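Results of the structural survey
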Amino acid sequence: MVKPEVNRDSCLGCSGCFTICPANAIEFDGKATIIKERCISCHTCVNYCPVGAIVVEGE
Ligand code: SF4
Ligand code: SF4
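Positions within a chain are numbered from 1, following the residues in the order the chain's sequence is written. Whichever chain is written first is A, and whichever ligand is written first is 1; the rest continue in order. Where local features are concerned, this predicted model is filtered to residues with pLDDT of at least 70; where side-chain atom pairs are given and counted, the filter is 80 or more; whole-chain, interface and lining totals use all residues. Values shown for side chains rest on all heavy atoms present in the structure; no hydrogens or waters enter the calculation.

1. With respect to the pattern of salt bridges
Pairing is possible between side chains of opposite charge, provided their charged atoms come close. What counts is decided by this rule: The term salt bridge refers to a side-chain nitrogen of Lys or Arg lying within 4 Å of a carboxyl oxygen of Asp or Glu. Only runs of H or I of at least four residues qualify as helices and only runs of E of at least two qualify as strands under DSSP, and these elements are numbered from the N terminus. With a 1.4 Å probe rolled over the protein chains alone, any residue whose accessible area is under 20% of its type maximum counts as buried; one over 50% counts as exposed, and the rest are partly exposed.
Enumeration over the complete set of coordinates arrives at 2 salt bridges. K36 is the partner of E5 in a salt bridge, and the nearest nitrogen-oxygen pair spans 3.5 Å. You can see E5 sitting in strand β1 (residues 5-6) and its partner K36 sitting in the loop between β3 (32-34) and α2 (44-48), a full 31 residues away along the chain. Using a relative accessible area of 36% as the deciding quantity, one classes E5 as partly exposed. Judged by its relative accessible area of 34%, K36 is partly exposed.

As structure tokens, then:
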């Protein structure tokens, strides 16, 4: 599976993805950033984000 990316212009800063990521692969500084080296491509964050700000390129 492909590793997702955060569209920081769309991110509302809810911090939900940061909380639920099972691999601790999301940094939060007011908006979310995915640390690709840690991401296990589970897509939990993609499915969770209330505004669709976490996207998978090519899907
Ligand atoms: S769940 Fe979506 S809106 Fe909330 S912090 Fe993560 S990327 Fe931003
Ligand atoms: S795809 Fe899974 S492991 Fe990767 S950042 Fe999202 S919730 Fe974390």
